[in-house]
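Chains, contacts and geometry: an overview
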Amino acid sequence: MIDSTQKLPGLLARRARGMTLEAPFYTDAAIFHADLDLIFGRHWIFVGVEPEIAEPGDVMSVDIGNHAVLIARDDDMALQAFHNVCRHRGARLIESRHESVGNIVCPYHQWTYGLDGGLRHAGCMPKDFHTERHGLRKLHVRSLEGLIFVCLGEEAPADFDEMARVVGTYVAPHGIARCKVAYSEDIVEPGNWKLTMENNRECYHCSAAHPELTRSIFAEGFGFAPVGAAAEAQAARFADMIGDLHARCELRGIPSGEIDHLADRVTGFRTERLPLEDAGESETLDTRVACRKLLGDLSETRLGALSLWTQPNSWHHFMSDHIVTFAVLPLTPETSLLRTTWLVHQDAVEGVDYDLANLTAVWHATNAQDSALVGKAADGVRTSGYRPGPYSADTEGLVEKFCAWYVDRMQAGLAG
Amino acid sequence: MSEDAGFTIRFAVSARDVKCAPGSTVLEAAEAAGIKLPFSCREGMCATCKSQLTSGQVDMQHKGGIRPKEIAAGKILVCCSRPLSDLVVER
């Protein structure tokens, strides 16, 4: 194995624009740990949604590589985030993904912390023991209209506020806080987390790989813009549909236009409301809503799908009837967790308002297809024959923006 | 009150009936009878002693170690609960 920590600055510096990354970025343990420190340790990471911890005392745990995080809903309904590690002997505090607790209690020696992280009880310690010095280590946590982000760095990137201000108006009509989790799926993709993200950032592969997804979505909404007469006719049709959708949404006060800061912000993001095929309602096999109880205060079913992408680890699709969120959480240099969460209105009743199999069919199938593609890429980039290859300027511009953002943020991290 | 004042607590798992002296907690009654229950803070914070109350009423003065929905489901913290009637505790 190459000692890539020393080589990392050079590898970053010589990365050619418009080309895939060199092999060590997808395979090397030292670079993986640098990713955990400089990317996942310093940026805003999407970890879940507010309906997962709706009531006081609800806590959730999420592991981001070697970072263990717990997020709690306190008695004032605010979100609190901490390292999920006891200050006594380092035991993991919250074991399962979701729990309901009075206080946060270590299962080892029962050190007890309030939901504000303060140490309330530590048995058998001396009289002069400073409980105030042994509270849980706090992390930055923010909710973007119900999407929960944490930052493990001492100072969190301040431009989260700007993203929240802009994206909040797009997301708010879908009323995440009034949703419930209908289903959640964890799959382990057999590749480095960047391969999972790069695969998400293009739809060059969609028509061949995703028959279920392309039933409703247009690849053109995801950076796909090939040349040629047939492609141009399709692009013109898509442009008409996007114009019609945005006009109808703007009339209802629902923001829709494209905003792209994927590569020019510390907290990179992109959003746009995109039209869907046929009925135009939802990312389902029949393009119609999967849940008859609509989200928020929406009364119109045909709102297409609002896409939101955030660097480094998430994407989201918001429709009139349901929301699908995706978080990528690095596990090892060559495995990544893809956590998918389907949300419906909290009053929707399974089997009455929605059929779970119908609700989840498209993305369940698409995730499995994407995981197989990520595995194929991982199988190739770890071989001796791999050399960086060129991105298509017409269809892979958003992948290039992901890589450009990654290289820029790694260099900034190494410099600071 | 008579000599044997206080309520009776049945610890169902231990199959023991124990007299609880007036003013004592359920935990103290167990300890006095030599029944070992898990506990740590003794003041209703850590919930180590959380137990199922299957019969009876208690006065529980906890410090945030238990949630209303748990209380509604019949859970008590025995370290800070005093009997208001005869009890059956799943311990």
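Residues numbered from 1 in each chain as written. Chains lettered and ligands numbered in written order. Predicted model: local features only at pLDDT ≥ 70, side-chain atom pairs only at ≥ 80, totals over all residues.

Counting its regular elements, chain B contains two helices and seven strands. For 91 residues, the compact-globule formula gives about 12 Å, and the C-alpha radius of gyration of chain B, at 12 Å, lands near that figure. The C-alpha extent of chain B, read off along each of the three principal axes, is 35 × 25 × 20 Å. For chain B, the residues scored as buried account for 38% of the 91 residues in total. For chain B, contacts bridging at least 24 residues in sequence account for 52% of all contacts bridging at least 6. (Helix = DSSP H or I, 4+ residues; strand = E, 2+ residues; numbered from the N terminus. Rg over C-alpha atoms; globule rule 2.2 N^0.38 Å. Buried ≥ 20, exposed ≤ 12 C-beta atoms within 10 Å, placed from the backbone. Contact = placed C-beta atoms within 7 Å.)

Next up on the list: the interface of chain B and chain A. In this assembly, ten residues from chain B lie in contact with ten residues from chain A. In the side of chain B that touches chain A, the residues fall into five nonpolar, four polar and one charged. (Nonpolar A, V, L, I, M, F, W, Y, C, P; charged D, E, K, R; others polar.)

What follows deals with the pairing of strand E17 (residues 335-345) of chain A. All names here are of chain A. Taken across its eleven residues, E17 has eight buried, putting it largely inside the fold. Bridge count between strand E11 (residues 179-189) and E17: ten bridges; the pairing is antiparallel. Along E17, the bridge assignment pairs Ile187 with Leu338. Pairing between strand E16 (residues 323-332) and E17: nine bridges, direction antiparallel. Each residue of the ladder has a partner; that of Pro330, found in E17, is Ser336. (Pairing = 2+ DSSP bridges.)

A few words now on the sheet that holds strand E14 (residues 305-310) of chain A. Residues and elements named next belong to chain A. With respect to topology, seven strands assemble into an open sheet ordered E11-E17-E16-E15-E14-E13-E12, the strand pairing being antiparallel. Strands with a single pairing partner mark the edges of an open sheet, and in this sheet they are E11 and strand E12 (259-261). Strand-to-strand, the axes of this sheet are offset by a mean angle of 15°, without reference to chain direction. Here five bridges tie E14 to strand E15 (residues 314-318), and the two strands are oriented antiparallel to one another. Counterpart to Ser307 in the pairing with E15 is His317. Sitting on the sheet, helix H5 (residues 193-200) touches E11, E15, E16 and E17, and the angle it makes with E16 is about 150°. (Axes fitted to C-alpha atoms, helices over the stretch in contact; angles between N-to-C directions.)

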